[in-house]
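# Coordinate analysis (summary)
Now for the letters of each chain:
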Amino acid sequence: MTDPDQKARREAMVDYQVRARGIRSPRVLEAMRQVPREAFVPMDLREFAYDDTALPIAAGQTITQPWIVAMMIEALDLKGGERVLDVGTGSGYAAALLARIAGEVYSIERIGELANQASRALLDQGLVNVELRVGDGSLGWPEAAPFDAIMVAAASPSVPDGLKRQLAIGGRLVIPVGADENAQELVRVTRLGEDAYRREDLADVRFVPLLGEAGWDEARAGPQ
Ligand code: SAM
């Protein structure tokens, strides 16, 4: 089902929120034109699907602001056909964008309710190249490693070692990092060799916490 109004809003989102802020990757822009964000937000918030903001989803979590997702995916520098790990499936929107660009997407979410909803939304979009599981993504997905790219949509106190080690040589990890609950640095780590990594700071961001063994303690979760 294609709603012409939503399609027009989606085009405007790509032009005025994403391109206007400097995102130039044709693959990212095309994926954002194709994936209907309204299909990944709660029914009662669909009219706000193309607002320039994060929105609440179930279980006290959020779907990330469109241009931040665009910046993160652009930073992964995907050319097509890659094997990608998406940590923090949430609504499934970022996984859907990744699935349009990469070859195989492995997406992991700690909250079962969200994983179920995301799985349905992804299938409704005909995206069958996403494998989804419920679990602690701070530890990655060792059986499916190595990955050409890893994207983490929740903030960690530091870059988890296990995620770095699940990168292929040349692979890129994009993750929000910092001790402050209200402000983190978006960081890109590139694996240059067996034990060699380059770290770059990309932008100031604010994300929900990555809760798990290599992230924050569950006590940070608050009521859900
Ligand atoms: N990529 C999502 C989207 O497109 O909607 C954004 C999701 S939200 C900003 C971050 C998600 O990370 C939440 O759904 C949260 O439950 C999840 N999360 C937090 N810690 C996690 C962990 N250790 N493993 C997997 N998911 C985690």
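Structure's up top.
My aim in this report is to walk through the structure given alongside it, one point at a time. The model shown is predicted, which means the values in this text are computed figures rather than measured ones. (Residues numbered from 1 in each chain as written. Predicted model: local features only at pLDDT ≥ 70, side-chain atom pairs only at ≥ 80, totals over all residues. Heavy atoms only, no water.)

## Points about the pattern of salt bridges
The final tally for this structure, using the stated rule, is 14 salt bridges. With its nearest N and O atoms 3.2 Å apart, the salt bridge here joins Glu104 to Arg83. Taken together, the residues span a long stretch of sequence, with Glu104 in strand β4 (residues 104–109) and Arg83 in strand β3 (residues 83–87) at a distance of 21 residues. Across the salt bridge formed by Arg165 and Asp195, the nearest N and O atoms sit 3.3 Å from each other. Remark: Asp195 occurs in the loop between β8 (184–193) and β9 (196–205) and Arg165 occurs in helix α6 (residues 161–165); sequence separation between them is 30 residues. (Salt bridge = Lys/Arg side-chain N within 4 Å of Asp/Glu carboxyl O. Helix = DSSP H or I, 4+ residues; strand = E, 2+ residues; numbered from the N terminus.)

## Examining the sheet that holds strand β7 (residues 167–177)
Pairing between sheet strands relies on hydrogen bonds along the backbone, with the strands arranged either parallel or antiparallel. Across the sheet, seven strands lie side by side as β5-β4-β3-β6-β7-β8-β9; this open sheet has mixed pairing. A single partner strand is all that each edge strand has here, and the edge strands are β5 (130–134) and β9. Within this sheet the neighbouring strands show an average axis-to-axis angle of 15°, counted without direction. Looking at chain direction, β8 and β9 are connected through nine bridges and run antiparallel. Bridge pairing links Thr190 to Arg198 in β9. In this fold helix α3 (residues 66–76) packs onto β6 (147–152), β7, β8 and β9, with an angle of close to 160° to the strand it touches most, β6. (Pairing = 2+ DSSP bridges. Axes fitted to C-alpha atoms, helices over the stretch in contact; angles between N-to-C directions. Contact = heavy atoms within 4.5 Å.)

## Examining the layout of surface pockets
Considering only enclosed or pocket space, the second largest pocket measures out at about 560 Å³ in volume. Lining the second largest pocket are 24 residues, and of these Glu38, Ala39, Phe40, Val41 and Arg46 lie nearest its centre. Every element with two or more residues in the lining of the second largest pocket is listed here: α1 (4–18) and α5 (112–124). Ranked by residues supplied to the lining of the second largest pocket, first place goes to α5 with six residues. (1 Å grid on protein atoms, 1.4 Å probe; cavity = no way out; pocket = protein on both sides within 12 Å on 5 of 7 lines; lining within 4 Å. Points joined across faces, edges and corners; volume = space filled by probe spheres on them.)

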